[in-house]
Amino acid sequence: MRLPIGPGALVAAAFVGPGTVTACTLAGANFGYALLWALIFATVATIILQEMAGRLGAGAKLGLGEALMAAAGPRWSKIAIAGLVFTALMIGNAAYEGGNIAGATLGGQAVVGSQTVPRAVWPLGIALFAGSALWFGRYRTIETLLIVLVLMMSVAFVASAIIIQPTWGALLEGLEPRVPKGGTLTAIALIGTTIVPYNLFLHAAAAKERWQHEGGVTMARRDTVVSVGLGGLISILILSAAATSLFGKGLEVSSAADMAAALEPTFGPSARFVIGFGLLAAGLTSAITAPMATGYAMAEIFPSTDSAVQRRIFRIVSLSILVIGAGISLLGLRPVTLILVAQAANGMLLPLVTFFLLVVMNKKSLLGPYVNNWATNIAGSIVALVALGLGMRGVLRALGVWA
């Protein structure tokens, strides 16, 4: 029996990257299970938005970039929106790609030891792996590869939970929505690293390519719930492992690699290995999906009737993101300025794309029988308001107004 997992696995692979792994680790280490509710909310919100994106691709047979340009109106409006999307995805994902490759490097070093393989070899090898997948792999090949990597992450973090054994009573208490003292920014980080604007472009384009037949919308909806739910479960397991093993211990932890090292004296080499392996898989998946999403979006925003030209745009854009990210990681740079610009651009893009998605999904002329119902509109509006709040926070933080 075929697993009910498809393009949604790309979304899970994208948001469960080193950034999410680190955010979940810090949330668990610093606040125990108290912020578990924020992670669950983020997972449900992501399912709501990604279900719409999947329905747009599978039902209307449109990528989000295509729909965005078609509904933009006057030429100046198209230019402004294209410029914003270009800035957010090209600059933002290039900066974040450096973090993806650096995260995968830390995971690899945790698995085999930091002295076994020279550090410079890891970014080059990871970039070569991701670049080969993007250049030679067809969509179904890349999808299968990412499904395998997501399942590997699942196995790794399930194993870590078995080794560490979460405190179930405290875990259930974490379902109560409350923010502990000093936990506001961490709660926002958990939500912000899960609800990712470029995933909406990625999912719509992937669903359009995967499901060309009738009945694709039903399969896309099931795929979204299963795949994004699995990604949320992985995040919950990471937070739980950190909460059980590190909360209240007074250990300095800034990443999952630190957690892996901190756990080895108590839980043995197996803890370091499984967590490092999970971080490696998380970095590899995001190292593929961030360039892939950018390539899809740019090919849709600058369309061509020639499929060879479209493929060329996709390759040039995606490999450019990968090369820049590898360079940042290889040089050991901390791309603070780029990330601040990316936060500002993504901060503006997330609510814009969310509200636009709601508008598009209510156009019967475009979606036909697949338009949103009232319940989906209410749920989507709530998520859109949260996205607006997150977007304002991202812009203010980039401008130095928000700490």
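**What to know about a nonpolar patch on the surface**
Where nonpolar side chains cluster on the molecular surface, the patch consists of Ile40, Val44, Leu172 and Leu175 and spans about 340 Å² of accessible area. As for its placement among the helices and strands, Ile40 is situated in helix α3 (residues 36–59). Residue Ile40 is classed as partly exposed on the basis of its relative accessible area, which comes to 31%.

**As for the side chain of Thr43**
You can see Thr43 is positioned in helix α3. Since its relative accessible area comes to 9%, Thr43 is described here as buried. When sequence neighbours within four positions are dropped, the list of residues in contact with Thr43 reads Thr194, Val228, Gly229 and Gly232.

**Points about the pattern of salt bridges**
Evaluated as defined, the whole model comprises four salt bridges. Notably, a salt bridge pairs Arg55 with Glu51, separated by 2.7 Å at the nearest N-O pair. With Arg55 and Glu51 both in helix α3, this residue pair falls four residues apart, about one helical turn. Residue classification places Arg55 among the buried positions, given a relative accessible area of 4%. For Lys208, the salt bridge goes to Glu66, with nearest N and O atoms at 2.8 Å. Linking Lys208 in helix α10 (residues 197–210) with Glu66 in helix α4 (residues 64–70), this pair joins segments that are 142 residues apart in sequence. A residue is classified by how much of its surface remains accessible, and Lys208, at 25% relative accessible area, is partly exposed.

Calculation rules
Residues numbered from 1 in each chain as written. Predicted model: local features only at pLDDT ≥ 70, side-chain atom pairs only at ≥ 80, totals over all residues. Heavy atoms only, no water. Patch = residues over 30% accessible without salt bridge, like charges linked within 9 Å, V, L, I, M, F, W, Y side chains within 5 Å. Areas by Shrake-Rupley, 256 points an atom, 1.4 Å probe, with all protein chains shown as cover. Salt bridge = Lys/Arg side-chain N within 4 Å of Asp/Glu carboxyl O. Helix = DSSP H or I, 4+ residues; strand = E, 2+ residues; numbered from the N terminus. Buried < 20%, exposed > 50% of the residue type's maximum accessible area, 1.4 Å probe, protein only. Contact = heavy atoms within 4.5 Å.

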